[in-house]
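A closer look at the structure
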Amino acid sequence: MDRIYLCLAHMSGKEQQYIQEAFDTNWVVPLGPNVNAFESDLATFVNCSDSAVKTKEVVALSAGTAAIHLGLIMLGVDKGDEVICQSFTFAASANPVVYQGATPVFVDSEVGTYNMDPQLLEEAIKDRIAKTGKKPKAIIPVYLYGMPARIDEIMEIAHRYEIPVLEDAAEGFGSRYKGQVCGTFGEYGVMSFNGNKMITTSGGGALICPNEEAKKRVMFYATQAREPFPYYQHEKIGYNYRMSNICAGIGRGQMTVADEHVKHHQWVHQQYVEKLGGIDGIIVHSAPASEMESNYWLSTIRFEDDKHTIEGNLLSFIDALSTAGIETRPLWKPMHAQPVYKDAPAYTNGVSERMFSCGLCLPSGPYVKEEEIDYIVKSIKAHL
Ligand SMILES: *Cc1c(COP(=O)(O)O)cnc(C)c1O
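Residues numbered from 1 in each chain as written. Predicted model: local features only at pLDDT ≥ 70, side-chain atom pairs only at ≥ 80, totals over all residues. Heavy atoms only, no water.

Examining the sheet that holds strand β9 (residues 205-209)
In a beta sheet, neighbouring strands are held together by backbone hydrogen bonds and run either parallel or antiparallel to one another. Reading across from one edge, β1-β9-β8-β5 is the order of the four strands in this open sheet, with mixed pairing throughout. Looking at which strands have only one partner, the edges of the open sheet turn out to be β1 (57-61) and β5 (166-168). For this sheet the average axis-to-axis angle between neighbouring strands, irrespective of direction, equals 20°. Bridge count between β1 and β9: five bridges; the pairing is antiparallel. By the bridge assignment, A60 is partnered in β9 with A206. Against the sheet, helix α2 (residues 33-47) makes contact with β1, β8 (188-192) and β9, and its axis sits at roughly 135° relative to β1, the strand it touches most. (Pairing = 2+ DSSP bridges. Helix = DSSP H or I, 4+ residues; strand = E, 2+ residues; numbered from the N terminus. Axes fitted to C-alpha atoms, helices over the stretch in contact; angles between N-to-C directions. Contact = heavy atoms within 4.5 Å.)

Considering the state of the cysteines
The tally for this structure, following the rule as stated, stands at zero disulfides. Here C85 stays unpaired: no disulfide links it, and the sulfur of C182, its closest cysteine neighbor, is 17 Å away. No disulfide involves C361; its sulfur sits 11 Å from the nearest other cysteine sulfur, which is in C7. (Disulfide = S-S within 2.5 Å.)

A look at the site of the ligand
Of all residues adjacent to the ligand, which total 15 residues, the nearest are T65, D168, E171, S192 and K197. With respect to the ligand, the backbone of G64 contributes an N or O atom lying 2.7 Å from an oxygen atom. Between D168 and the ligand, the recorded distance is 2.7 Å, taken from a side-chain N or O atom to a nitrogen atom. For the ligand, the accessible surface in isolation is 380 Å², of which the surrounding protein chains cover 94%. When grouped by side-chain class, the residues that make up the shell around the ligand number five nonpolar, seven polar and three charged. (Near = heavy atom within 4 Å. Polar contact = N/O pair within 3.5 Å; in protein donor to acceptor, adjacent residues only side chain to side chain. Areas by Shrake-Rupley, 256 points an atom, 1.4 Å probe, with all protein chains shown as cover. Nonpolar A, V, L, I, M, F, W, Y, C, P; charged D, E, K, R; others polar.)

Details of the nonpolar core
Soluble globular proteins tend to pack their nonpolar side chains together in the buried interior. In this structure, F38, L42, Y145, F173, M191, F193 and M255 are the most contacted members of the largest nonpolar core, which totals 36 residues. Broken down by secondary-structure element, the contributors of at least two residues to this core are α2, β1, β9, α8 (245-255), α9 (258-276) and α11 (351-358). With six residues, α2 is the largest single contributor of residues to this core. Mapped onto the domain boundaries, this core takes at least three residues apiece from domain 1 (15-257) and domain 2 (259-383). Setting aside its immediate chain neighbours within four residues, M255 contacts F38, D41, L42, F45, F173 and I199. By size, the runner-up hydrophobic cluster in this structure holds 34 residues, among which are F106, A138, C209 and Y241. (Core = buried A, V, L, I, M, F, W, Y, C linked by side-chain atoms within 4.5 Å. Buried < 20%, exposed > 50% of the residue type's maximum accessible area, 1.4 Å probe, protein only. Domains from an automatic or database assignment.)

Here's the deal with the packing of aromatic side chains
The relative placement of two aromatic rings is captured by the distance of their centres and the angle of their planes. Under the counting rule described, the total for this entry stands at 13 aromatic pairs. Centroid distance Y145 to W297: 6.4 Å. Interplanar angle 15°. Geometry classified as stacked. Placement of Y145 in the loop between β4 (138-140) and α6 (151-161) and of W297 in the loop between β11 (292-293) and β12 (299-303) is noted, with a sequence separation of 152 residues between them. In this structure, Y145 and W297 share a single accessibility class: buried. An angle of 80° between the planes, with centres 6.0 Å apart, marks the rings of Y177 and F185 as edge-to-face. Taken together, F38, F45, F173 and F193 form an aromatic cluster joined through their ring pairs. Positioned above the aromatic ring of W297 is the side chain of K197, whose terminal nitrogen or guanidinium carbon lies 5.8 Å from the ring centre. Note that R226 overlies the ring of Y232, its terminal NZ or CZ placed 3.8 Å from the centroid. (Phe/Tyr/Trp six-rings, centres within 6.5 Å; stacked < 30°, edge-to-face > 60°. Lys NZ or Arg CZ within 6 Å of the ring centre and 35° of its normal.)

Let's talk about the sheet that holds β4
Strand order in the open sheet made by the four strands is β4-β2-β3-β14, with parallel pairing throughout. Every other strand in the sheet has two partners, leaving β4 and β14 (346-347) as the edge strands with one partner each. Where strand β3 (residues 103-107) meets β14, two bridges bridge the pair, whose relative direction is parallel. Note that in β14 the partner of F106 across the bridge is A346.

Observations concerning the pattern of salt bridges
As enumerated under the stated definition, the model contains 12 salt bridges in all. When the shortest N-O distance is used, the salt bridge between D81 and K134 registers 3.2 Å. Linking D81 in the loop between α3 (64-74) and β2 (82-86) with K134 in the loop between α5 (118-132) and β4, this pair joins segments that are 53 residues apart in sequence. For D81, a relative accessible area of 8% translates into the label buried. For K137, the salt bridge goes to D81, with nearest N and O atoms at 3.3 Å. (Salt bridge = Lys/Arg side-chain N within 4 Å of Asp/Glu carboxyl O.)

Some words on the domain arrangement of the protein
For the protein, the assigned domains are domain 1 (15-257) and domain 2 (259-383). Of note, the centres of domain 1 and domain 2, computed from C-alpha atoms alone, are 25 Å apart. With 48 residues of domain 1 at the contact, the number on the domain 2 side is 40 residues. Summed over both partners, the interface of domain 1 with domain 2 comes to about 3800 Å²; 61% of that surface belongs to carbon and sulfur atoms. Where domain 1 meets domain 2, there are zero salt bridges. Run the count over domain 1 and domain 2 and you get 29 residue pairs in polar contact (both at pLDDT 80 or more). Looking at the side of domain 1 that touches domain 2, the elements that each hand over two or more residues are α4 (95-99), β3, α5 and β6 (176-177). (Buried area = accessible area lost by both parts, 1.4 Å probe.)

Right, here's the structure in full:
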């Protein structure tokens, strides 16, 4: 059996046809028909929910990280500002805050979703206002491993304090909360098409925008902030963040199998629930409520004993599975525990540190079939 990876890119077969079109028509540039069509596919995808949201616009960009950065710029985040960010996440959620000269304020997770704890969020907002005399400029909740956050509660708090929300849905492509696509609740939403995400453009991302005007402004910043003059006139600092017409061709192909990908990841999760769920001391992380529809980008488990921890033997457990040809990985190390963010304010409750210590990501991608799952389950049991 081949090595089993967490999540490998998987092509529909149509990608090369769109790339060929780009070459045939000489659109080998960071704009063109594939970019427009991919954006239109993405807009249809995010607006198709049962909810009232039908008017989101999408801009295709070079990376999810670029999308977070531009989202912050659109929300006016600047030097000296504070931005509240979920601590339990990948560094790319927080780093763009620092690009803007602002300070991330980390908020811990709640155990049901692994995502931002709404109660702690409100405590953090109150405390920042008390300590700095200023409201945080934005809130960045994350959809970790695809799991919907408690977004209704987060949005209610955000509205009450009038702080805009930038959703990091990089891992939550196709996840839904009460039928509405994750990434469409806040002012802006972020998608990622990196090689290991739900769909890929080899590398890329997108920003979900509230309207056409915001989309135009995002495109302006993403293409070097060139003013409408006959010569190159610049009044703002811009970026080279647009997606290329080649990458967008891959994206168009991927959109033809996006729903299939999501269904497969969900099926893999169900398999783990059935086959690992009965084992004492192992919990397969699952949506805590029926209104949360996770894409299960990565299925994760956590150990309840105190042996399988980072401080204990979790890393040698990972090595043993790797020797057996199975790629697994600890959960994200929380940002407030990262050396680079040791001075950032943090509101913690122990949840993300505990999950980081005892959690494991399991192979979940398009190439993981029933035979592989049975082998993974057998190997986990053998090494317990
Ligand atoms: C992957 C990821 C990003 C960044 O996306 P890129 O396209 O790799 O830049 C941001 N946030 C989270 C939570 C991610 O997993």
